Amino acid sequence: MPLPVENISLVGWLFAVVEVIAIITAIHAILNTRTSQGAIAWAFFLVTMPFLGLPLYALLGRHKLKRHVQSRRDGSSEIHQSTVQLETRLQPFRQSLVERSEFGKAIENLSGAMFTAGNTITVFDSGEETFKALFAAIDQAQDYLLLAFYIVNDDELGDALKERLIRRRRDGVRIYFLYDSIGSYRLSRAYKHELLEAGVKFQEFGSYHFFRNRYVLNFRNHRKICVADGRVGFTGGYNVSNEYLGESKRYGVWRDTHIRLSGPSVLGLQAAFLEDWSWVTGEAPDLNWTVEEEGDKTAMVIPTGPADTLDTCSLFFMQMLQAAKQRAWITSPYFVPSEAVLETLKLAALRGVDVRVMLPGIADKRTVWYAAYAYIQEAQAAGVTFYRYQRGFLHQKVILVDDDLAVVGTANLDNRSFRLNFELSVLVPDRTFAERIEEMLTRDFVECRRISRAEATTHSFPVRIVIACARLLSPIL
């Protein structure tokens, strides 16, 4: 039965209004999206498929964090004053890299951070070791604890952390706990209620305030931070969930890396947490900024995120590759690089650098898994070698360059980490530390199989279509 004329007119008006809104939104995307590829993709998608494009742009297309950016530029803010005070106190520990002066200068100018001497750094490559050390630091805290995790689950590990924090709060320790609302979407209200009732300041991180926090998928806080009294700090790949202890039937062994810091570099972790906490809550806790020398390692803490003026994370990654002369070994659960990072990887391999990328042998995100093949094919053609970890799931984020540069952090080798998430990396220019990372990665490579050119390029026609479509989505994967 045909629609009445008035209904057809109504439908036509509806389509016209939606299309006008889509065109206006497409103009917004063109003016505000950081990359030309992303701008073109959003504009085409919005104009041709407005009923699908508009809701997706609302979830994924927003790119500015105006309040966060403004808080950084407000020279009178309490956070700004703390940062200035921190820089002054760290000056006596500042370490210049004579052998790599251009490299060191570029990294410091890019990050706004500084290399500091006098640190002790311990590497943990299992969940049991990581949480044993982290729980010990929590138990020994006397004044305050700062915690930030992307994922917090109320399973056995999450409950163990919760009960420990409640006990410490009863002992008078101040606790500030930041979790991401998307990463921790399964966290129950009961879990939150128990911590809040005990006096723990337990706050979700969201890119926007009020009800919209939970529904914006971009600009997540992917950092993992624990700081005790401003003296001991932790960061790396581990979140708070049983699967990180290797107890998932789907993933089995969970391969990750975390580090424990003491010394001046801990204040870098603390400053990153303080900025995130202040932006979300409007509060700046009274923290310890006393600097103490603890060891002989030089380190730099590099927070990166979408509020940065530059694409700090991707530029940092590119600078690491450009510094490589003999080797660049990289581990990441995902391989969806920007075009600039991909070209830098290829150029490093063409210079004769041993460029290796270790990826998981198990797919946790199918779209990302298929998108990776498009980039693997290109990089292999330039001499980059790829490996798939076979003993469980690989989640660590580690870079080893030559014999004296190593990075452990939270950033994946993908566009989301480069441009959309708040991340944190610790760069250690130290030969002994690099030897420890080399020994760890060498063991991991034994558990890998190399991805052949045939595996990367030989796919059925339907799979090739999936790979091509997945690559189109790479800016938001």
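Residues numbered from 1 in each chain as written. Predicted model: local features only at pLDDT ≥ 70, side-chain atom pairs only at ≥ 80, totals over all residues. Heavy atoms only, no water.

A. Examining the packing of helix α11 (residues 312–323) against helix α12 (residues 339–350) more closely. Where α11 meets α12, the closest approach of the two axes is 9 Å, and the angle between their N-to-C directions is 5°. Taken together, α11 and α12 sit at an angle that is classed as roughly parallel. Between α11 and α12, the residues in contact are S314, F317, M318, L321 and Q322 and A340, V341, T344, L345 and A348, respectively. (Axes fitted to C-alpha atoms, helices over the stretch in contact; angles between N-to-C directions. Helix = DSSP H or I, 4+ residues; strand = E, 2+ residues; numbered from the N terminus. Parallel < 35°, antiparallel > 145°, perpendicular 65-115°, else oblique. Contact = heavy atoms within 4.5 Å.)

B. Local environment of unusual backbone geometry. A positive phi angle, near 60°, is found at D229, a position not held by glycine. Its location among the elements puts D229 in the loop between β5 (225–228) and β6 (232–236). With phi around 55°, D402 is a residue other than glycine that occupies positive phi space. Summarising the element assignment, D402 is placed in the loop between β15 (398–401) and β16 (405–409).

C. Fine view of the environment of I259. Note on placement: I259 falls in strand β8 (residues 258–262). Linking I259 and T122, residues 137 residues apart in sequence, is a C-alpha distance of 5.5 Å. Every residue in contact with I259, bar those within four places of it in the chain, is listed here: I121, T122, V123, G233, F234, T235, V408, V426 and F433.

D. Structural context of a nonpolar patch on the surface. Together, I23, I27, L31 and V47 make up a nonpolar patch on the protein surface, roughly 370 Å² of accessible area in all. With 3 residues, the single largest contributor to the nonpolar patch is helix α1 (residues 5–32). On the secondary structure map, L31 appears in helix α1. (Patch = residues over 30% accessible without salt bridge, like charges linked within 9 Å, V, L, I, M, F, W, Y side chains within 5 Å. Areas by Shrake-Rupley, 256 points an atom, 1.4 Å probe, with all protein chains shown as cover. Salt bridge = Lys/Arg side-chain N within 4 Å of Asp/Glu carboxyl O.)

E. Quick peek at the pairing of strand β12 (residues 354–360). Where burial is concerned, most of β12 is hidden: 5 out of the 7 residues are buried. Sheet topology note: the strand β10 (residues 327–331)/β12 ladder contains 5 bridges and is parallel. Residue pairing in the sheet places A328 in a bridge with V355 of β12. As judged from the 5 bridges shared by β12 and strand β13 (residues 385–389), these two strands associate in the parallel manner. Considered in β13, the bridge of R356 is made with T385. At this point the chain moves from β12, through helix α13 (residues 366–381), to the parallel β13, and the crossover so formed is right-handed. (Buried < 20%, exposed > 50% of the residue type's maximum accessible area, 1.4 Å probe, protein only. Pairing = 2+ DSSP bridges. Right-handed = clockwise from strand over helix to strand, strands pointing away.)

F. A negative patch on the surface, seen in detail. A contiguous patch of negative charge on the surface is contributed by E128, E129, E156 and E247. With respect to the helices and strands, the residue E156 is situated in helix α8 (residues 156–170). (Lys, Arg positive; Asp, Glu negative; His and termini not counted. Charge placed at Lys NZ, Arg CZ, Asp CG, Glu CD.)

G. Local environment of the nonpolar core. I225, I259, F273, V426, F433, I437 and L441 are the most contacted members of the largest nonpolar core, which totals 53 residues. If one sorts the elements of this core by residue count, helix α10 (residues 266–281) sits on top with 9 residues. Not counting the four nearest positions on each side in its chain, F273 is found in contact with L146, L147, A148, Y176, L178 and I225. Judged by nonpolar contacts, the second largest core, of 52 residues, contains L321, L342, V368 and A379. (Core = buried A, V, L, I, M, F, W, Y, C linked by side-chain atoms within 4.5 Å.)

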